[in-house]
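Notes for the structure review
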Amino acid sequence: MGRFIINGGIPLRGEVAVSGAKNSALPLLAACLLTEEEVVLHNCPRIGDVFSMQGILEKLGAHVRFSGNTICVAAKEIETVAMPEKLSKKIRSSIFLLGSMLGRMRRAVFQYPGGCEIGARPIDQHLDALRKLGVGIEEEMDTIHCRTEALRGAHIRLSYPSVGATENAILAAMLAEGTTTIENAAREPEIVDLQNLLLAMGGKIRGAGNSRIVIEGVSRLHGAEHTCIPDRIEAGTFLAAAAVTRGELHLLSVNPGDVRGTIDILRGAGARIREEEDSLWIRVGGRLEPFHLTTNPYPDFPTDMQAQMCVVAALSNGVSRITETVFENRMRHIDELKKAGAEAEVKGHSAFISGVYSLHPADFTATDLRGGAALVLAALAAQGQSTVSRIEYIDRGYEALEYKLSSLGADIRREC
Ligand code: EPZ
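Every value quoted in this text rests on a predicted model; they were computed, and no experiment measured them.

Moving on, we get to the site of the ligand. Among the 24 residues in the neighbourhood of the ligand, the closest are listed as Gln125, Ser162, Gly164, Asp304 and Val326. In this structure, an oxygen atom belonging to the ligand sits 3.0 Å away from a side-chain N or O atom of Lys22. Contact between the ligand and Arg121: an oxygen atom at 3.0 Å from a side-chain N or O atom of the residue. Across the complex, the protein chains shield 88% of the 830 Å² of accessible surface that the ligand would expose by itself. Only α1 (22-31), α5 (124-132), α6 (163-173) and α12 (369-381) provide two or more residues apiece to the shell around the ligand. Within the shell around the ligand, the residues separate by chemical class into 10 nonpolar, seven polar and seven charged.

Shown next as structure tokens:
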């Protein structure tokens, strides 16, 4: 139960390299189960969720070597089709292993991943897609038994462009007999990254990044080497850090196109942002103007940046409205921000935030990954000493956050 101790009020300045994308590394690791050969992933972030996924793969029988930011997975023999319960409950993204486990073994036994801090997180779309592919599913308490004689290509139409359901359907369809089409698929950059790895493994897939994905099942996939895309949410978080500390940052190893939603809102509020091929430069001299944003599936504004933008709004020069449409319980950071003097009110799915000139230091408690990152931003903005506890949430998705922030001039230290 560690915490950060932060002396805020210091404008962040300098350059920082953004790590590989958490929400890409996780499905890419699941894809490694689809072949007996070694898959090498570069630019893989050293974060809690990746270490948990490594643990699950090892429990299933895969050999994993994780050195620096390169992880090698050789799933030569799979020793069990049962997901390790404790680890699977630790990270929801273990659900992606369902599709690849079925693709490889035609069987899988796992526990309902359950809800988390931001919502109920049902998996009905995942299971519907797998049934369409010929998987028999029996539920017994919170254990789910999946089995199929053969996966058969199918026409799948998602009722909502769920990222995880899209990825699970893709992973299960790669080795199915015949053609699978996925309509109303999620369009996130991480889906394109998954497609690129699967192509490198000899898979036949096209359309990722659009709403319609087509997969021609093949009999086997082979090993490959691939580099994870940069983490667009970490990049957005650093842009927000520059905004709330009125600093100037140069972000390296970024795909500016993947951060479009956040760039547009911050530019519209008065931040100066310059885009280069694989980097971003931002300068914020004074208070930003208020803004309205609504989270939606990609390419609209990302829900994973909503909490961070609440802190930017809390310091802006007017009233902002931030509406969350993706998850039903993703405004818990607002009560924490009020501890630092933020003037905000949540009505239904919207937060109405009246900007103040400055926040004061406070003792915050993280309630989830991105909410925790937002509280770090608030502490960086507030003149004086703040603390952020339960930072294990933050460690799930941000690599070496305190070192990166310290290199930009922040006064932050971890207390275990
Ligand atoms: C992925 O979660 C990301 N996680 C989340 O990032 C991200 O917030 C989310 O996509 C939306 O972009 C990873 O990629 C590991 P969804 P996922 O299925 O796949 C409902 C972070 O902070 N739904 O697109 O679980 C669901 O309840 C994390 O990095 C169903 O109803 O998200 C939610 O309301 C948080 N039934 C909405 O769809 C289903 O079967 C979006 O969920 C599946 C989802």
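With that settled, consider the side chain of Ser100. You can see Ser100 is positioned in helix α4 (residues 96-105). Among all residues touching Ser100, those that are not within four sequence positions of it are Ala30, Leu33, Leu34 and Leu171.

In this section: the environment of Pro302. Relative to the helices and strands, Pro302 is located in the loop between β17 (292-294) and α10 (306-314). Non-local contacts of Pro302, meaning those with residues more than four positions away in its chain, are made with Arg232, Ile233, Thr295 and Asn296.

This part covers the sheet that holds strand β22 (residues 384-389). Across the sheet, four strands lie side by side as β21-β22-β1-β23; this open sheet has mixed pairing. The two strands at the open ends of the sheet, each matched to only one other strand, are β21 (363-365) and β23 (411-415). Ignoring strand direction, the axes of neighbouring strands in this sheet form an average angle of 20 degrees. In this structure, β21 lies alongside β22, joined through three bridges in parallel fashion. Considered in β22, the bridge of Thr365 is made with Ser389.

Before going further, it helps to examine the sheet that holds strand β4 (residues 63-67). In space, the four strands of this open sheet follow the order β4-β5-β3-β13, with mixed pairing throughout. Looking at strand neighbours, the two that pair on one side only are β4 and β13 (224-227), the edges of this open sheet. Direction aside, the axes of adjacent strands within the sheet are offset by 15 degrees on average. Summarising the sheet, strand β3 (residues 38-42) and β13 pair through four bridges and their orientation is parallel. Counted as the bridge partner of Val39 is Ala224 from β13. Along the sheet face, helix α7 (residues 189-200) touches β3 and β13 and points at about 160 degrees away from the line of β13.

On to the packing of α10 against α12, then. It is the contact of α10 with α12, at a shortest axis distance of 7 Å, that shows an interaxial angle of 25 degrees. What the angle tells us is that α10 and α12 run roughly parallel. Taken as a pair, α10 and α12 cross one another with a handedness that is right-handed. Two secondary-structure elements touch here, α10 through Ala307, Gln308 and Val311 and α12 through Arg370, Gly371, Ala374, Leu377 and Ala378. Split by residue class, the contact of α10 with α12 holds five nonpolar, two polar and one charged.

In this description, a pair of aromatic rings is defined by centroid distance and the angle of the planes. The final tally for this structure, using the stated rule, is one aromatic pair. Pairing Phe51 with Phe66 gives two aromatic rings, centres 5.4 Å apart and planes at 45 degrees, and the pair type is tilted. Linking Phe51 in helix α2 (residues 48-60) with Phe66 in strand β4, this pair joins segments that are 15 residues apart in sequence. With a relative accessible area of 37%, Phe51 lands in the partly exposed category.

With 76 residues, the main nonpolar core has Ile170 and Leu198 as its most contacted residues. Apart from the residues within four sequence positions on either side, Ile170 is in contact with Ile182, Ile191, Leu194, Leu198, Ile205, Ile213 and Ile215. Membership of the second largest hydrophobic core comes to 75 residues, among which are Ile282, Val284, Cys310 and Met331.

Quick notes on the rules
Sequence order sets the numbering: in each chain, residues are counted from 1 along the sequence as written. For this predicted model, a pLDDT threshold of at least 70 governs which residues receive local features, and a threshold of 80 or more governs which side-chain atom pairs are given and counted, while totals over whole chains, interfaces and linings are taken from all residues. Hydrogens and water are ignored here; the side-chain numbers use all heavy atoms of the structure. Only heavy atoms are used to decide nearness, and a residue is near a molecule or strand if one of them lies within 4 Å of it. Identification of polar contacts relies on pairs of N or O atoms within 3.5 Å, with a donor-acceptor requirement for protein atoms, meaning one able to donate a hydrogen and the other able to accept it, and with residues adjacent in sequence counted only if both atoms are side-chain atoms. Accessible surface is estimated by sampling points in the Shrake-Rupley manner with a 1.4 Å probe; for residues, cover comes only from the protein chains shown. For the purposes of this entry, the term helix denotes a DSSP run of H or I that reaches at least four residues, the term strand denotes a run of E that reaches at least two, and both are numbered from the N terminus. Classification used: nonpolar for Ala, Val, Leu, Ile, Met, Phe, Trp, Tyr, Cys and Pro, charged for Asp, Glu, Lys and Arg, polar for all others including Gly. Residues count as neighbours in contact if any of their non-hydrogen atoms are within 4.5 Å of one another. For two strands to pair, DSSP has to find at least two bridges joining them. Only C-alpha atoms enter the line fits that serve as axes; for helices the fit covers just the stretch in contact. Angles between N-to-C directions range over 0 to 180 degrees. Angles below 35 degrees are treated as roughly parallel, those above 145 as roughly antiparallel, those between 65 and 115 as roughly perpendicular, and all remaining angles as oblique. The crossing is said to be left-handed when, going from far helix to near helix, the turn is anticlockwise and less than a right angle, and right-handed when the turn is clockwise. In this scheme Phe, Tyr and Trp rings, the latter by its six-membered ring, pair at centre separations within 6.5 Å, and the angle between planes marks the pair as stacked below 30 degrees, edge-to-face above 60, and tilted otherwise. Partly exposed describes any residue whose relative accessible area lies between the buried limit of under 20% and the exposed limit of over 50%, with all areas from a 1.4 Å probe on protein chains only and scaled to the type maximum. In plain words, nonpolar cores are sets of buried Ala, Val, Leu, Ile, Met, Phe, Trp, Tyr and Cys residues tied together by side-chain atoms within 4.5 Å.

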